[in-house]
Each structure stands twice: as C-alpha cells, then as structure tokens.
Amino acid sequence: MRTKHTFRLPPVLALKLADYASRKGVPQALIVETALASFLSPDSSERLEGALGRRLDRLVRQVERLERNVVISNEALALFVRFWLTATPPLPDAAQAAAQAKGRERYEGYVAALGRRLAKGRTLASELSHDLASADEATEEESHRS
C-alpha cells in the first residue's frame, strides 16, 4: 500500500526531473522515491564519505605519480646539464658563429624528435619504469640461478 503525497517543486527542478525521467524511461515518482530513500537513509552520509574517500585516494595517487615524474625530469635535466658542462670544451671566438648555426639546426631537430616522441605517447618516466622493471627481473633471474 502506498501513501499519496502532493508537493510543489520549483520550475527548474521540475524540468530537470521530467528530463531525467524521460531520458531514463522511468516514472518521475520512482526517481523521487529513490532520491528520498537515499537522502533519508542513515548510511547515506557513510556512503558519501566512502565515495569522497575513494576519490581523494585516487587524487593522492595521481599527485604522487606527478611528483615522481617531476623528480625524474628534474634529475634527468640536472644530470644532462652537469655532463654537458663538464664534457664540452669552450670554443674559440672564430668558431662561435658556426657553432651557433649548428646549435640552431640541432635544436630544431631536437624539437621535431620531441614532438614525434610525445605524439607517440612515449615518456622518459615510462621508459625508466620499463627499464627498471627489466633490470629487476634480470636481477631476480640471476639470484635464482646462484
């Protein structure tokens, strides 16, 4: 046995209810009944808290991955700069113009290669993860043989 209730909704909310019901192909009364049951349920706040907790956990993991990738990028850049500065001898003044022209040409090639690499979805972080996983597997195989 059901009890009949009559209530008024703001026009905007009534339109939203009607639109949602027509898209889902269910009666408006069923939507209102389900929404009220959920709202009045004693565990609704626990479910909401659980859902928010899961979303926050997912966001934390994403931020941790971003932080890890930034650390890898910074270390890779710092290592390259240190290597380049220690391995590259200074050029005489007469060779500066030719070196700058060659540098521009190499930079254009670098930017083109970077664009191709990014278009393929390849990243240093994913390569490092793959390389480290391969190295770990090789180390495990060697320890099992010993």
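Helix and strand content of the protein chain: five helices and zero strands. Along the protein chain, helices (α) and strands (β) appear in the sequence α-α-α-α-α when read from the amino end. A compact globule built from 146 residues should have a C-alpha radius of gyration of about 15 Å, whereas the protein chain, at 31 Å, is more than 25% larger. Along the first, second and third principal axes, the C-alpha set of the protein chain runs to 95 × 55 × 25 Å. Expressed as a percentage of the 146 residues in the protein chain, the buried residues total 4%. Counting every atom, the protein chain has about 13,300 Å² of accessible surface; 61% of that belongs to carbon and sulfur. If you average the places of the 22 positive and of the 19 negative side-chain charges in the protein chain, the two averages end up 11 Å apart.

Let us look at a positive patch on the surface. Judged by side-chain charge, R54, R55, R58, R61 and R65 come together as a positively charged surface patch. Residue position: R58 is located in helix α3 (residues 44–87). For R58, a relative accessible area of 44% gives the class partly exposed.

So, about the environment of T88. As for its position among the elements, T88 is in the loop between α3 and α4 (96–120). Its relative accessible area of 36% is what places T88 among the partly exposed residues. Separated by 36 residues in sequence, T88 and L52 have C-alpha atoms that sit 53 Å apart.

This paragraph deals with α4. The terminal C-alpha atoms of α4, which comprises 25 residues, lie 36 Å apart, in line with the 36 Å expected from a rise of 1.5 Å per residue. Downstream of α4 by a residue or two, G121 has a phi angle that is positive, lying close to 85 degrees.

Let us look at the packing of aromatic side chains. In total, this model carries one aromatic pair according to the counting rule given. Their ring planes at 35 degrees and their centres at 6.2 Å tell us that Y107 and Y110 sit as a pair that is tilted. Taken together, the residues span about one helical turn, with Y107 and Y110 both in helix α4 at a distance of three residues. Considered together, Y107 and Y110 belong to a single accessibility category, that of exposed residues.

A cluster of nonpolar side chains, L77, F80, V81, W84 and L85, forms an exposed patch at the surface whose accessible area comes to about 530 Å². Along the chain, the position of L85 falls in helix α3.

A word on the packing of helix α1 (residues 11–24) against helix α2 (residues 28–40). Between two packed helices, both the angle of their axes relative to each other and the distance between the axes serve to describe the pair. With their axes 9 Å apart at the nearest point, α1 and α2 run at an angle of 110 degrees to one another. Classified by the interaxial angle, the pair formed by α1 and α2 is roughly perpendicular. Residues L17, A18, Y20 and A21 of α1 form the contact with α2, whose own contacting residues are Q28, I31 and V32. Split into classes, the residues belonging to the contact of α1 with α2 amount to six nonpolar, one polar and no charged.

Procedures and definitions
- Residues numbered from 1 in each chain as written.
- Predicted model: local features only at pLDDT ≥ 70, side-chain atom pairs only at ≥ 80, totals over all residues.
- Heavy atoms only, no water.
- Helix = DSSP H or I, 4+ residues; strand = E, 2+ residues; numbered from the N terminus.
- Rg over C-alpha atoms; globule rule 2.2 N^0.38 Å.
- Buried < 20%, exposed > 50% of the residue type's maximum accessible area, 1.4 Å probe, protein only.
- Areas by Shrake-Rupley, 256 points an atom, 1.4 Å probe, with all protein chains shown as cover.
- Lys, Arg positive; Asp, Glu negative; His and termini not counted.
- Charge placed at Lys NZ, Arg CZ, Asp CG, Glu CD.
- Patch = residues over 30% accessible without salt bridge, like charges linked within 9 Å, V, L, I, M, F, W, Y side chains within 5 Å.
- Salt bridge = Lys/Arg side-chain N within 4 Å of Asp/Glu carboxyl O.
- Expected span 1.5 Å × (residues − 1).
- Phe/Tyr/Trp six-rings, centres within 6.5 Å; stacked < 30°, edge-to-face > 60°.
- Axes fitted to C-alpha atoms, helices over the stretch in contact; angles between N-to-C directions.
- Parallel < 35°, antiparallel > 145°, perpendicular 65-115°, else oblique.
- Contact = heavy atoms within 4.5 Å.
- Nonpolar A, V, L, I, M, F, W, Y, C, P; charged D, E, K, R; others polar.

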